[in-house]
Amino acid sequence: MKTKSAIFLAVSALFLAACNYTGPAATTTTPPTAATPTTTISVTPTTASTNVNDLNAELNATVDDGGQADLNQLQKDASGL
Amino acid sequence: MKKFTPLPCLFALALIVATPVYAQTATRSGKMNREEFRAKVSAIRDEKKKALVERMDTKMKELNAKRTAILLRHLDKIEEILNRIETRALEVEKGGKDIASVKTAVQKAKDAIAAARTAVNVQAAKTYIIDITTEDKLGAAVSAARTTLARDLQATHQAVVAARKSVREVLTALAKVVGEKLTNTTEK
């Protein structure tokens, strides 16, 4: 009798466990899109100053060395010939 | 009627055939086209040198494109600055000031910008083909092409420098009219 009760309880426990089983543990990873922060592109508006020194500074920003560094590199690259 | 004499004709023909066609500087005249260059490169036996010549050809092409693009960007900016100077000058004129000197300088600057833009566009359209003659003269051929490219790029750069200087003169003229002190105006 005791054995029968034990078997009954064990089967009942298994049945209940099977009823509560909801599959493998769900992963908690959130989709990458949700986790990725929004990229903010900040665009600095072109200054429209007409102050002579501001304009002069902008003019100075267009000064370069005429590509001297690139030309020197080209000369170095050709040294194997 | 004179009798046909084949001897002078043959002599003339031999002269035409025997006259050497001197290789002109390909980089300047563009006589050697890209197909001829390709054929001459593929005939180079030293694989290392062949690869280097091909790389130099590509690099020169890329450098010309890069530099002319930069110079055009600079010119766009210089032109935009000139437009803003002109706007300011016109406002000053409305206030009753004489801006004749500024107007003269503006016209000169516009001409200089147009000239520089033409120079840059001409430079952008140029091709530099290494004038390969013999394998032992590859170094000299590459050097000649590179030197020509460097000289041309420097000349184009100077046109842009001249355009910028002319705009700076407009700015100087405007500064005088409005009585503002202009600093940091020297350019090498």
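As the structure is a prediction and not an experimental result, all values here were calculated from the model. (Residues numbered from 1 in each chain as written. Chains lettered and ligands numbered in written order. Predicted model: local features only at pLDDT ≥ 70, side-chain atom pairs only at ≥ 80, totals over all residues.)

Some words on the overall build of chain B
A count of helical and extended segments in chain B gives 6 helices and 0 strands. When the helices and strands of chain B are placed in sequence order, the string is α-α-α-α-α-α. With 188 residues in all, chain B has 32% of them scored as buried. A fraction of 78% describes how many contacts in chain B between residues 6 or more apart in sequence connect residues 24 or more apart. (Helix = DSSP H or I, 4+ residues; strand = E, 2+ residues; numbered from the N terminus. Buried ≥ 20, exposed ≤ 12 C-beta atoms within 10 Å, placed from the backbone. Contact = placed C-beta atoms within 7 Å.)

Examining the overall build of chain A
Regarding its fold elements, chain A presents 4 helices and 0 strands. Helices (α) and strands (β) of chain A occur, in sequence order from the N terminus, as α-α-α-α. Looking at chain A as a whole, 11% of its 81 residues are labelled buried.

Considering the nonpolar core
Here is a general trend for soluble globular proteins: nonpolar side chains tend to be buried in one another's company. With 30 residues, the main nonpolar core has Leu82, Ala116, Ala163, Val167, Val170 and Leu174 of chain B as its most contacted residues. Of all the elements in the fold, those that place two or more residues in this core are helix H3 (52–60) of chain A together with helix H4 (47–94), helix H5 (100–125) and helix H6 (138–178) of chain B. Dropping the residues within four chain positions of it, Val167 of chain B is found in contact with Leu59 of chain A together with Ile78, Ile81, Leu82 and Ala109 of chain B. Ala78 of chain A together with Leu52, Leu63 and Tyr128 of chain B belong to the second-largest nonpolar core, a separate cluster that totals 18 residues. (Core = buried A, V, L, I, M, F, W, Y, C linked by C-beta atoms within 7 Å.)

Thoughts on unusual backbone geometry
Of note in this structure, Asn184 of chain B is not a glycine but carries a positive phi near 55°. Owing to 10 C-beta atoms within 10 Å, Asn184 of chain B belongs among the exposed residues under this scheme.

Quick notes on the interface of chain A and chain B
The interface is formed by 22 residues belonging to chain A together with 37 residues belonging to chain B. Contributions of two or more residues to the side of chain A that touches chain B are made by H3 and helix H4 (68–77) of chain A. Each residue belonging to the side of chain A that touches chain B can be placed in one class, and the counts come to 9 nonpolar, 9 polar and 4 charged. (Nonpolar A, V, L, I, M, F, W, Y, C, P; charged D, E, K, R; others polar.)

Side note on the environment of Gln123 of chain B
All names here are of chain B. Take Gln123: it is sitting in helix H5. For Gln123, a count of 20 C-beta atoms within 10 Å translates into the label buried. In this structure, Gln123 is in contact with Thr68, Asp152, Leu153 and Thr156, ignoring residues within four places of it in sequence.

So, H6 of chain B
Look at H6 of chain B: 60 Å from first C-alpha to last across 41 residues, which is about the 60 Å you get at 1.5 Å a residue. Gly179 of chain B sits one or two positions beyond H6 of chain B and adopts a positive phi of about 75°. (Expected span 1.5 Å × (residues − 1).)

So, the environment of Leu153 of chain B
Mapped onto the elements of the fold, Leu153 of chain B is located in helix H6. On the neighbour-count criterion, Leu153 of chain B (22 C-beta atoms within 10 Å) is buried. Taking C-alpha positions, Leu153 of chain B is 7.5 Å from Asn64 of chain B, a pair spaced 89 residues apart along the chain. With sequence-adjacent residues up to four places away left out, Leu153 of chain B is seen in contact with Gly66 and Gly67 of chain A together with Arg67 and Gln123 of chain B.

A word on the confidence of the model for chain A
Residue and element names in this part refer to chain A. Per-residue confidence for chain A gives a mean pLDDT of 72; residues scoring 70 or more make up 47%. No element of chain A has a lower mean pLDDT than helix H2 (residues 32–35), which averages 50, and none a higher one than H3, which averages 95. A low-confidence stretch, residues 26–34 (pLDDT under 50), is modelled with 1 contact involving residues beyond four sequence positions or located in other chains. (pLDDT = per-residue confidence, 0-100.)

Focus: the environment of Val92 of chain B
Here Val92 of chain B shows up in helix H4. Not counting the four nearest positions on each side in its chain, Val92 of chain B is found in contact with Lys97, Ile99, Val177 and Val178 of chain B.

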